[in-house]
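What the coordinates show
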Amino acid sequence: MAKIMRNHCPVIRGNLARGYDMTDQEHLFAPNFKTEPFWWEAAPRPVLKSETLPSVADVLVVGSGYTGLHAALQTARGGRHTVVCDAASLGFGCSTRNGGQVSTSIKPTYSDLSGRYGNEIAAGIRRVGIDSLQFIDDFIQREEIQCEWARVGRFHGAHKPASYESMAREISNQRPGLEVNAYMVPAEEQRNEIGSDLYHGGVVFPDHAVLHPGKYHAGLLEKVRAAGADLFDHCAVENIESTKGGFSVQTARGPIAAKDIVIATNGYTTNLTPWLVRRVIPIGSYIIATEPLDVALAHSISPKGRIMSDSRKLVFYYRLCAETRRMVFGGRVALRETDPRVSAPKLHSCMSKIFPSLQDKKITHSWLGFVAYTFDTLAHQGKRNGMHYAMGYCGSGVGMASYLGMRTGQSVLHLPEGRTPFCDIPMPTKPLYKGNPWFLAPAVAYYKFRDKLNL
Ligand SMILES: Cc1cc2nc3c(=O)[nH]c(=O)nc-3n(C[C@H](O)[C@H](O)[C@H](O)COP(=O)(O)OP(=O)(O)OC[C@H]3O[C@@H](n4cnc5c(N)ncnc54)[C@H](O)[C@@H]3O)c2cc1C
């Protein structure tokens, strides 16, 4: 896995080539420890029959995560011959690696956004966040995808008193018409939500949800297959040239001509699309799963089965799996990209500070994936050089990638509803940035320092 990841991602390729320190804390690893996603146990990477790539398609989708598959579902159901290619196995990217936490996904506040783009676009963007959560709920129910979907709610802990105050201000000053359901939980009542005294209270978002990322991807893939799309794994798209009627494309499995192209590569974007690679910042997100907890311990950790996260700049996000009662705990613990054997003990140590009762629990799985941040901390959807794209979910893309993938598919079909407010805002870059985030290590060090001092 590390080899594919290394070859596949320019950032980790560079850093791992320099070598990494192996951990001396391997006693924390369970005997069956794996460096691949826990989710792949119940939803293994699909093995496809080796079929010949067609020479022509109406729509070529590059990337088989939630974005690509939702776009493909729209175009295939809309009667377009759709081909989906992934450079690795289907769903190899973040869409089978994430924490399965589903929220409204927009980081900037309404006032940030209205300062940047005016009230209408600001309201439109915030509305998309709300709609994306409802969309994925409706989609999973309507399509009957068995992926452990549940509206369990989120507890978001304040790591310092000032964060509690600012959370309280934010939820009491919500823009009319764009309110999200939320209430404050003071420190003295926090044990009703989370088995930890580390936080200074927090906020509960009762509508946030949870799912099994691998099962959701597998269910979605089945729908795309049933809609008639052709799926190709280990089929990197290597070059795209525009032609009179569309695009001439070179892939690892031969050439294909397509009328429309959807770029759905998010944190795995390469120089295939130079304009986009300059606009997304690939960042490794690291995560572990523990051995199953007994019923009483699981209940004390998470009495209401909520998803959980906190207000640190380098946020930790975590949850128990309903079926197996494992803790799945994620965050950014390394300055530079590293190996999951190295990140695992660091995550374990952070988890044990929040939940001392987990300090002797073994790690069964440790993995990572590359999320895509953007310079304005917003996702983006649009069309560039005739190609459709949606990406840049800033680490919060389960709902948003599904939603913008769906809208992108509609856009390929020329449906007016395919247009979102993201089509009306620029996707910024920075001078000299070419896709290698050299500034990441100092930025992570700075945020780590601030979090440590509660600044
Ligand atoms: C550890 C981790 C935890 C996360 N937790 C959460 C969470 O709890 N909640 C949440 O909302 N979000 C979370 N995320 C983010 C979320 O998973 C992503 O935003 C989302 O899955 C992005 O989906 P996508 O389809 O756009 O990209 P991906 O699923 O990453 O798919 C991109 C695909 O493009 C393929 N590709 C790249 N280049 C080419 C090419 N040239 N040819 C063919 N294929 C190519 C890649 O192989 C890859 O499979 C997490 C991510 C990680 C890594």
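Here is what the cut-offs are and how they apply
Residues numbered from 1 in each chain as written. Predicted model: local features only at pLDDT ≥ 70, side-chain atom pairs only at ≥ 80, totals over all residues. Helix = DSSP H or I, 4+ residues; strand = E, 2+ residues; numbered from the N terminus. Rg over C-alpha atoms; globule rule 2.2 N^0.38 Å. Buried ≥ 20, exposed ≤ 12 C-beta atoms within 10 Å, placed from the backbone. Pairing = 2+ DSSP bridges. Axes fitted to C-alpha atoms, helices over the stretch in contact; angles between N-to-C directions. Contact = placed C-beta atoms within 7 Å. Near = placed C-beta within 6 Å. Nonpolar A, V, L, I, M, F, W, Y, C, P; charged D, E, K, R; others polar. Expected span 1.5 Å × (residues − 1). pLDDT = per-residue confidence, 0-100. Parallel < 35°, antiparallel > 145°, perpendicular 65-115°, else oblique. Left-handed = near helix turned anticlockwise from the far one by under 90°.

1. Brief notes about the overall build of the chain
Looking only at helices and strands, one finds 13 helices and 19 strands in the chain. Computed over C-alpha atoms, the radius of gyration of the chain comes to 21 Å, within 12% of the 23 Å expected from 2.2 N^0.38 for 455 residues, which places it in the range of a compact globule. Within the chain, buried positions represent 49% of all 455 residues.

2. Observations regarding the sheet that holds strand β15 (residues 317–320)
One open sheet holds the nine strands; their spatial order is β1-β17-β13-β16-β15-β14-β5-β7-β6, and the pairing between them is mixed. In the strand order of this sheet, the two ends are held by β1 (29–34) and β6 (183–185), each with one partner. Across the sheet, the mean angle from the axis of one strand to that of its neighbour is 25 degrees, orientation sign disregarded. Note that β6 and strand β7 (residues 202–205) share three bridges and pair antiparallel. The residue of β7 that forms the bridge with Y183 is V204. The strands touched by helix α11 (residues 340–354) are β13 (281–290), β15, β16 (327–331) and β17 (363–373); relative to β17, the strand with the most contacts, the crossing angle is about 100 degrees.

3. A word on the site of the ligand
The full set close to the ligand counts 43 residues, and G63, G65, G93, G369 and G397 are the nearest of them. At the level of secondary structure, the elements contributing two or more residues to the shell around the ligand comprise α4 (66–77), β4 (101–102), β13, β17 and α12 (398–412). For the shell around the ligand, the leading source of residues is α4, giving three residues. Here the shell around the ligand is built from residues that sort into 20 nonpolar, 21 polar and two charged.

4. Observations concerning the pairing of strand β5 (residues 154–157)
With burial as the criterion, each face of β5 is covered, one bearing R154 and H156 and the other bearing F155 and G157. The pairing of β5 with β7 spans four bridges and is classified as antiparallel. Bridging from a neighbouring strand, G157 pairs with G202 of β7. Examined bridge by bridge, β5 and strand β14 (residues 307–310) share four bridges and lie parallel to one another. Among the inter-strand pairings, G157 is bridged to a residue of β14, identified as D310.

5. Here we look at α4
Between its first and last C-alpha atoms α4 spans 16 Å; for twelve residues at 1.5 Å apiece the expected length is 16 Å, and the two agree. With eleven of twelve residues buried, α4 lies mostly within the body of the structure. Within the sequence span of α4, burial applies to Y66, T67, G68, L69, H70, A71, A72, L73, Q74, T75 and A76. Once α4 ends, the next one or two residues include G79, with phi positive near 90 degrees.

6. Remarks on the confidence of the model for the chain
For the chain, per-residue confidence averages 93 on the pLDDT scale, and residues scoring 70 or more make up 95% of the total. This stretch, residues 1–20, has a pLDDT under 50; its non-local contacts, to residues over four places away or in other chains, come to 31 contacts.

7. Remarks on the packing of α4 against helix α8 (residues 213–226)
Closest axis-to-axis distance for the α4/α8 pair is 9 Å, and the angle between their directions is 30 degrees. Taken as axis vectors, α4 and α8 run roughly parallel relative to one another. Along this stretch, α4 crosses α8, giving a crossing that reads as left-handed. Of the residues in α8, those in contact with Y66, L69, A72, L73 and A76 of α4 are L220, L221, K223 and V224. Residues of the contact of α4 with α8, tallied by class, amount to eight nonpolar, no polar and one charged.

8. Quick word on unusual backbone geometry
Within the chain, H234 stands out as a residue other than glycine whose phi angle is a positive 45 degrees. When you line up the elements, H234 lands in the loop between β9 (230–232) and β10 (237–242). The phi angle at T377 is positive, at roughly 50 degrees, despite the residue not being glycine.

9. A word on the environment of M308
By the secondary structure assignment, M308 is in strand β14. Take M308: there are 24 C-beta atoms within 10 Å of it, and that puts it in the buried class. The spatial distance from the C-alpha of M308 to the C-alpha of D138 is 23 Å, given a sequence separation of 170 residues. Setting aside chain neighbours within four positions, we find M308 in contact with R154, F155, G157, I194, Y318 and R319.

10. Looking at the packing of helix α6 (residues 119–142) against α12
Two elements in contact, α6 and α12, have axes separated by 8 Å at closest approach and are oriented at 85 degrees. One finds that α6 runs roughly perpendicular with respect to α12. On α12, the residues touching V128, D131, S132, L133, F135, I136 and F139 of α6 are G399, M400, S402, Y403 and M406.

11. With respect to helix α13 (residues 440–452)
Counted at 1.5 Å a residue, the expected span for α13 with its 13 residues is 18 Å, and the 18 Å between its end C-alpha atoms agrees. Downstream of α13 by a residue or two, N454 has a phi angle that is positive, lying close to 55 degrees.

12. Some words on the environment of S402
Structurally, the position occupied by S402 is in helix α12. For the pair formed by S402 and L368, sequence separation is 34 residues and the distance between their alpha carbons is 20 Å. Beyond its immediate chain neighbours, meaning those up to four positions away, S402 contacts Y66, H70, S132, F135, I136 and F139.

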